[in-house]
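# Commentary on secondary and tertiary structure
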Amino acid sequence: MSLEGPEIVRPKEINNKPALKRCYDQMKLDYDWIERLDLITDSGVQFDDKDVNDDLNREQVFYKQAQAAIMEAVPRLKDAGIKVRKPNDYIAEMIKSESHMDRIKRAHAEREAIMEKIEKAKRIRKERKMAKMVQTQVKISKQEEKKEFNSKIAKFKKGIDKNLDFLDDSGKKNDKKDKKEKKDAKKPTKKEAYKLQKYGLGGQKKRKKYNTAESSADVSSFSSRQNRGPKMQGKTNRGGKKKGGKGTKQKRPGKERRKQMKIRSSRKR
């Protein structure tokens, strides 16, 4: 028994040139070159079978063959009166319809909107994560400060440390002092200035309005118009106008007086 496989029978290669030429003559169409636009160039470019796997060399051979064909075809087209360059105002017809392009635009806009939402969600998640990290750090720092404070108190109770400087909240005191200095440095408004003049800045209020010899002798703030007596208010000048200006308003009669005046006026009618 033979271990070799069955013998492979290969078909015999047939290269019947006369039959192939006859088929070619039957298929050939006798058209002008302008209808066929085929070119066989003798560019002298040789391609070695050994370099068949060299992609760069193969592409260079194709490029040189195409370049040689163009150099031969362009003069022939110009001689035939055919233009080889498109005009500057030439607008090619679109292959896709307007409805198709509208669908593409809508799909593109929807895709961009979805991507924008995704990016926004990512940004929000990142911001929340950062905020959470900051809150965690603040919480940890507060816990560490509290732990350190409790440990110092425990050491003081045990007599290990007799220094109580950690109880002085110097930072807060300095902050309050700075705020007060800033407030004092700020220029007061008219309302604040009036209140400062009227009420002062605190302190003792008793015995502040006591008269002294200087205040009694000072009559610069006295106004004769404001301190006019009641006898002068009813008098008039020679022209008939009352003296006193705004302070000369007549006193309203009482209730009984108004009632009597009303009865008299009704009797006269």
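Everything that follows concerns the structure shown earlier in this document.
Presented here is a report on the structure given in the accompanying data block. (Residues numbered from 1 in each chain as written. Predicted model: local features only at pLDDT ≥ 70, side-chain atom pairs only at ≥ 80, totals over all residues. Heavy atoms only, no water.)

### Comments concerning the overall build of the protein chain
For the protein chain, the helix and strand inventory stands at nine helices and zero strands. In the protein chain, the succession of helices and strands from N to C terminus is α-α-α-α-α-α-α-α-α. Counting only contacts in the protein chain whose residues sit at least 6 apart along the sequence, the fraction spanning at least 24 positions is 29%. Surface summary for the protein chain: the accessible area is close to 28100 Å², and the carbon and sulfur share equals 53%. (Helix = DSSP H or I, 4+ residues; strand = E, 2+ residues; numbered from the N terminus. Contact = heavy atoms within 4.5 Å. Areas by Shrake-Rupley, 256 points an atom, 1.4 Å probe, with all protein chains shown as cover.)

### A short note on unusual backbone geometry
Phi at Leu 37 takes a positive value of approximately 55°, unusual for a residue other than glycine. Among the secondary structure elements, Leu 37 is positioned in the loop between helix H2 (33–36) and helix H3 (55–79). Here Leu 37 falls in the exposed class, since its relative accessible area comes to 52%. (Buried < 20%, exposed > 50% of the residue type's maximum accessible area, 1.4 Å probe, protein only.)

### Things to note about a positive patch on the surface
A cluster of basic residues, Arg 252, Lys 255, Arg 258 and Lys 259, forms a positive patch at the surface. Among the secondary structure elements, Lys 255 is positioned in helix H9 (residues 255–268). For Lys 255, a relative accessible area of 64% translates into the label exposed. (Patch = residues over 30% accessible without salt bridge, like charges linked within 9 Å, V, L, I, M, F, W, Y side chains within 5 Å. Salt bridge = Lys/Arg side-chain N within 4 Å of Asp/Glu carboxyl O. Lys, Arg positive; Asp, Glu negative; His and termini not counted. Charge placed at Lys NZ, Arg CZ, Asp CG, Glu CD.)

### Describing the pattern of salt bridges
A complete count under the given rule lists four salt bridges for this structure. When the shortest N-O distance is used, the salt bridge between Asp 55 and Arg 58 registers 2.7 Å. Of this pair, Asp 55 and Arg 58 are both found in helix H3, three residues apart, which corresponds to roughly one turn of the helix. For Asp 55, a relative accessible area of 47% puts it in the partly exposed group. Lys 152 serves as the salt-bridge partner of Glu 148, at 3.7 Å between the closest nitrogen and oxygen. Of this pair, Glu 148 and Lys 152 both sit in helix H4 (residues 98–158), four residues apart, which is roughly one turn of that helix.

### With respect to the environment of Arg 76
You can see Arg 76 is positioned in helix H3. The spatial distance from the C-alpha of Arg 76 to the C-alpha of Ile 34 is 9.3 Å, given a sequence separation of 42 residues. When neighbours within four sequence positions are excluded, Arg 76 is seen to be in contact with Trp 33 and Leu 39.

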